[in-house]
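Here's the letter readout for the chains.
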Amino acid sequence: MAEAADFQGTPSPARRWLRRTGALLAGAPLLAGLMQLPAAAPAQAAGSDTVSVALDSLSPSAPTDGDTLTVSGTVTNNSKQAVTDAHVDLRVGSLLSTRSEIDTAARHSDDLQSSLGTDVGGKYTEDFDSLGPGVAEHFSIAVPVDKLDLGQDGVYQFGVSLSGKTSTQQWDQVLGIQRTFLPWQSSEADTKTKTTYLWPLISTVHVTAKTGAGELQTPVFENDDLAKEISPGGRLAQMLALGKDLDVTWVIDPDLLASVDAMTGNYRIQGNGTTTTAGTHQAAAKQFLDDLQDAVADKEVVALPFADPDLASLAHNGTSVTGSLSHLKDATDVAATTVTTVLHVTPNTDFAWPVEGAVDPSIIKVATSGGADKVIARSDSLQETGGLTYTPSAARPIGGGTTAVVADARMSTAFEGDLTNADSATLAVQQFLAQSLALNTQTGKQRSIVVAPQRMPSASQAQAMATAITALQDSNWSQSQDLSAAAKAKPDPGATTKIPSSSAYPSSLRKQELPRTAFEQIARTQDKLDNFQVILTDESRVVTPFGRAINREMSTSWRGRGSAADSFRTNVESWLDDLIGQVKLIDKSETKLSGRSATIPVTVQNNLVQGVGHLVLRLTSTMPTRLEIGGKPYYEQPVDVSGGHSQSVKFSTSANANGRVEVTAQLYTEDGQEYGAPVRFDVKVTEVTPTVMLVIGGGVLLLVLAGFRMYTQRKRAAARRAEEDDGPDEADEDTPDAPGAPGTPADPETPGTPETPDGPETPAAPETKTSEGTDGPGNPAAHGDRLQEESVGRSRADDPEQPSDPTPDTAPESADPSETGERVDR
């Protein structure tokens, strides 16, 4: 970024110049004597590695008129010889005019070859008689600010040095130094910088996709690390305690809120294999949320999409995988609901925050597709190209109604690295304040500056940040501002609005991205979830935990943890497969048909807690010419099974031929998607055998023979009646009736003898069907008929056969065996 021109004017008053000149002249004889020593190295270089100076605290960090500056720290003798006549001094260096000069000075903070600055001297020093090898001594010096002879407002180098003598160098010399920066704004600045500091409350992924089977669906955590973070002394607990008193914009991952909220009730911790243990930090979770509600009650809260998805990974590797962008929109939609429910505040969901503020056109496109119209970038990515001599305001319109909010890179990265030592933390704070003041003095124009630190600061980093923000809030050159206000600030017309190309994206960040295979696995899991949820009677029990788990699979927190990310995705998919497998077909062994038609049962088992429906079970015959299902090659039936139950679905089949037929049972969703694995089994048709066919053929033959017999009997009866009709005429012609002969008809003229018509005299008795139920022994009419038939039979047996007698329906009884298949009447 372009820097401001050097400050104009005298860097210090005349009295300061005279004092330094006098000190130089007073040291001239000593220098002359030192020059006579043989092979003497420069005094400053002699002790470059002898003593280290640690600056543990500097208070106040940004002093003003009337303040007393207290400096404390530790000096350590790193050499193998004692340092005698040791003393710690405070030194005021030159005024630094630009932000680049501050960067340079910070890189050489302990270099004895650089300018040491002016010794404050006087009583503002601390002496040690001797500093032995490896010995560390603490020091603390308090000095009124007016004793420092600071001139015009600006940033000064400020150092703490240790001087003394060694056994090999018996003269007083600087053996170690530590430089830092002293921001000096003696009174209220005419124009103050509006500064926005983001306070991120973000953690890694902790909750799995698993839940308990009960009504409350007890959540299962990967480990108990989150409890450590939110308990007193933990990282997040400290972030919360520090942030509640700061004028900051809270940037929160809703997944963190949802996870802590889940801990307020019953929850489980994943153990080895399938074992889990009960979580015990409900009290800590409740206290954390209570404190957080109080802290953000009157502050701006920016909600990131749920689980803080990695926008760059999605843009570079996920957009080519179908459905990936839909997860970002879903994560954005659920973010507001989560924050509102847990914290009872309405968050701002208009901001997207790519990793380290690095952007390119594809990242901007993905960020806005999720619903954001403001993208938090960083000035080392969206660099100034317009030749400005000052740092412009953060807001930049980049087209399409989107605003890039460009955070200042120097201030945003000021608290990275190891800040567990008080010395490193103090240096970070002073450098941050120095950059802020230098930025303010660049121009008289008021600007809005945004600071976007690392997403998950350590506890020591957070403490240093809080110290710096507190000092900035109390300073004479800065005033706090919310992120929304910074985004709405009037853009600087000279600031760049050109988004860098994809090739400019840092390779170090690209190496940490989720690969394409990760998004393909996410898509596969989503497809399984979509297919599964349609059969559920209470889909929220599955869709919600797995939907959130899929969001977590895309989290920015997986950067640098590729193996852990792979394991999490695999576990999510495996658990979903296990649930899907709880609804299945029971395996069947070979089935034998008991006849030409039979019913085949297929059992559907549901081991889920909830019922399932919207399923169709299809049974398919691979040889429909031999075996048909419901009269077709395949047949389908709807399936509904209550939770924890099984249901047998019966299919009607018909066999047309003997042999073995493979049958496939397959579940489908109502939209035609296969569900689960098919079950294949053999159906053996064994009843349509030659014996069965012979029996069937014999039955048919008997029917034919019976019909033929009835036909021949009727034909003989008709012939007999015809003979009887012709009998009397022939007798009259050939054989005259003898008077009084038996059978001779009475004289028709004889009175009292009725006339007999042609034909039988007596009608044939009704045909007795003893096999029918209508003529059984209980029927009196039938009984009378039988008696009459017997009487008639007896008279016919005794009487000689008459030509007019009808032919009997049944053949004469014979003692010979009857023919095969023939019905015999007895």
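Residues numbered from 1 in each chain as written. Predicted model: local features only at pLDDT ≥ 70, side-chain atom pairs only at ≥ 80, totals over all residues. Heavy atoms only, no water.

A. Main features of the overall build of the chain. Across its full length, the chain carries 21 helices and 30 strands. For the chain, restricting intrachain contacts to residue pairs at least 6 apart in sequence, the fraction spanning at least 24 positions comes to 78%. (Helix = DSSP H or I, 4+ residues; strand = E, 2+ residues; numbered from the N terminus. Contact = heavy atoms within 4.5 Å.)

B. A look at the nonpolar core. Grouped together as the largest cluster of nonpolar side chains are 75 residues, with contacts concentrated most on Phe532 and Leu617. Other than its neighbours up to four places away in sequence, phenylalanine 532 contacts Val542, Leu576, Leu579, Ile580, Leu608 and Tyr675. Grouped together as the second largest cluster of nonpolar side chains are 65 residues, Val155, Ile252, Phe288 and Leu472 included. (Core = buried A, V, L, I, M, F, W, Y, C linked by side-chain atoms within 4.5 Å. Buried < 20%, exposed > 50% of the residue type's maximum accessible area, 1.4 Å probe, protein only.)

C. Examining the side chain of threonine 193 more closely. Among the structural elements, threonine 193 can be located in strand β9 (residues 193-201). Exposure remark for threonine 193: the relative accessible area of 3% places this residue in the buried category. Setting aside residues up to four positions removed in sequence, threonine 193 forms contacts with Leu439, Asn440, Arg447, Ile449, Trp477, Ser478 and Gln479.

D. Spotlight on helix α17 (residues 516-533). Look at α17: 26 Å from first C-alpha to last across 18 residues, which is about the 26 Å you get at 1.5 Å a residue. On the buried face of α17, the contacting elements are α9 (311-318), α10 (324-343), α18 (540-553), α19 (562-580), β29 (659-669) and β30 (674-685). (Expected span 1.5 Å × (residues − 1).)

E. Layout of the sheet that holds strand β10 (residues 207-211). Ordered in space as β10-β11-β13-β14, the 4 strands form an open sheet in which the pairing is mixed. In this open sheet, the two strands that pair with only one neighbour each are β10 and β14 (276-278). Adjacent strand axes in the sheet meet at a mean angle of 40° when their direction is disregarded. The sheet contact formed by β10 and strand β11 (residues 219-221) spans 2 bridges and is antiparallel. Residue pairing across strands places valine 207 opposite phenylalanine 221, the latter belonging to β11. (Pairing = 2+ DSSP bridges. Axes fitted to C-alpha atoms, helices over the stretch in contact; angles between N-to-C directions.)

F. Structural context of the packing of aromatic side chains. Under the criterion given, the structure shown has 6 aromatic pairs. Relative to tyrosine 675, the ring of phenylalanine 532 has its centre 6.4 Å away and its plane inclined at 25°; by these criteria the two rings are stacked. Of this pair, phenylalanine 532 sits in helix α17 while tyrosine 675 sits in strand β30; the two residues are 143 residues apart in sequence, bridging distant segments of the chain. The buried category is assigned to phenylalanine 532, whose relative accessible area is 1%. Given a relative accessible area of 3%, tyrosine 675 falls into the buried group. Between tryptophan 558 and phenylalanine 568, the aromatic rings sit 5.4 Å apart at their centres with planes inclined by 40°, giving tilted as the arrangement. A residue pair is termed long-range when its members are at least 10 positions apart, and tryptophan 558 in the loop between α18 and α19 and phenylalanine 568 in helix α19 qualify at 10 residues. Each member of the pair, tryptophan 558 as well as phenylalanine 568, is classed as buried. The structure contains a cluster of three or more aromatic residues connected by ring pairs, namely Tyr197, Phe415 and Phe432. We note lysine 374 situated over the ring of phenylalanine 351; from NZ or CZ to the ring centre the distance is 5.7 Å. Over the ring of tyrosine 668 we find arginine 618, and its NZ or CZ is 4.5 Å from the ring centre. (Phe/Tyr/Trp six-rings, centres within 6.5 Å; stacked < 30°, edge-to-face > 60°. Lys NZ or Arg CZ within 6 Å of the ring centre and 35° of its normal.)

G. Representation of the packing of α9 against helix α11 (residues 361-369) in the model. It is the contact of α9 with α11, at a shortest axis distance of 8 Å, that shows an interaxial angle of 110°. As summarised for this structure, α9 and α11 are arranged roughly perpendicular, according to the angle between their axes. Residues Leu311, Ala312, Leu314, Ala315 and His316 of α9 form the contact with α11, whose own contacting residues are Ser362, Ile363, Val366 and Ala367. Of the residues assigned to the contact of α9 with α11, the class counts are 7 nonpolar, 2 polar and no charged. (Parallel < 35°, antiparallel > 145°, perpendicular 65-115°, else oblique. Nonpolar A, V, L, I, M, F, W, Y, C, P; charged D, E, K, R; others polar.)

H. Main features of the pattern of salt bridges. Here the structure, examined in full by the defined rule, presents 25 salt bridges. Its salt-bridge partner being glutamate 229, residue arginine 235 comes within 2.8 Å of it at the nearest N-O pair. Its relative accessible area of 15% is what places arginine 235 among the buried residues. Take glutamate 229: its relative accessible area is 15%, and that puts it in the buried class. Glutamate 356 serves as the salt-bridge partner of arginine 378, at 3.8 Å between the closest nitrogen and oxygen. On the criterion of sequence distance, the pair formed by arginine 378 in strand β17 (residues 374-378) and glutamate 356 in the loop between β16 (351-352) and α11 is long-range, its members being 22 residues apart. Via salt bridges that share partners, Arg524, Lys528, Glu573 and Asp577 belong to a single interconnected network. (Salt bridge = Lys/Arg side-chain N within 4 Å of Asp/Glu carboxyl O.)

I. Spatial organisation of the sheet that holds strand β1 (residues 51-59). Strand order in the open sheet formed by 3 strands is β1-β2-β6, and the pairing between neighbours is antiparallel. Of all strands in the sheet, those with a lone pairing partner are β1 and β6 (136-144), marking the two edges. Adjacent strand axes in the sheet meet at a mean angle of 20°, parallel and antiparallel pairs treated alike. Pairing of β1 with strand β2 (residues 68-77) involves 8 bridges; the strand directions are antiparallel.

J. How the structure looks around the pairing of strand β12 (residues 249-252). Residues Thr249 and Val251 line one face of β12 and the alternating positions Trp250 and Ile252 line the opposite face, and both faces are buried. Two strands pair when backbone bridges link them, and β9 and β12 are joined in this way by 4 bridges, in the parallel orientation. Bridged to tryptophan 199 within β12 is tryptophan 250. Bridging between β12 and strand β15 (residues 301-303) involves 3 bridges; their strand directions are parallel. Within β15, the position partnered with tryptophan 250 by the bridge is valine 301.

K. The side chain of glutamate 300, seen in detail. As for its position among the elements, glutamate 300 is in the loop between α8 (282-295) and β15. One buried charged residue, glutamate 300, remains without a salt bridge, the closest side chain of opposite sign being lysine 488 at 7.6 Å. Within the structure, glutamate 300 has its side chain in polar contact with the side chain of threonine 249 (distance 3.3 Å). Polar contacts involving the side chain of glutamate 300 include one to the main-chain amide nitrogen of leucine 483, which spans 2.9 Å. Other than its neighbours up to four places away in sequence, glutamate 300 contacts Thr249, Trp250, Asn348, Asp482, Leu483 and Ser484. (Lys, Arg positive; Asp, Glu negative; His and termini not counted. Polar contact = N/O pair within 3.5 Å; in protein donor to acceptor, adjacent residues only side chain to side chain.)

L. Molecular detail of the confidence of the model for the chain. Counting all residues, the mean pLDDT for the chain is 83, and 80% of those residues have values of 70 or more. Note on residues 1-47: pLDDT is under 50 here. Beyond four places in sequence and across chains, it has 66 contacts. (pLDDT = per-residue confidence, 0-100.)

M. Structural view of the pairing of β30. Sheet analysis places strand β23 (residues 591-593) next to β30, joined by 3 bridges and oriented parallel. In the strand pairing of β30, leucine 593 is matched with valine 685. The sheet contact formed by β29 and β30 spans 9 bridges and is antiparallel. From the neighbouring strand, glutamate 662 faces β30, where its bridge partner is aspartate 682. Joining the antiparallel neighbours β29 and β30 is a turn of 4 residues, in which glycine 672 adopts a positive phi near 90°.

N. Spotlight on the environment of alanine 62. Within the fold, alanine 62 resides in the loop between β1 and β2. Remark: the alpha-carbon pair of alanine 62 and leucine 182, spanning 120 residues in sequence, is separated by 6.6 Å. Beyond its immediate stretch of four places on either side in the chain, alanine 62 contacts Pro183 and Trp477.

O. Seen up close, unusual backbone geometry. The step from serine 59 to proline 60 runs through a cis peptide bond, and the omega angle for that step is -5°. Take proline 60: it is sitting in the loop between β1 and β2. Positive phi, normally seen in glycine, also occurs at glutamine 217, with a value near 50°. Tracing the backbone shows glutamine 217 in the loop between β10 and β11. A positive phi angle, near 75°, is found at alanine 307, a position not held by glycine. Mapped onto the elements of the fold, alanine 307 is located in the loop between β15 and α9.

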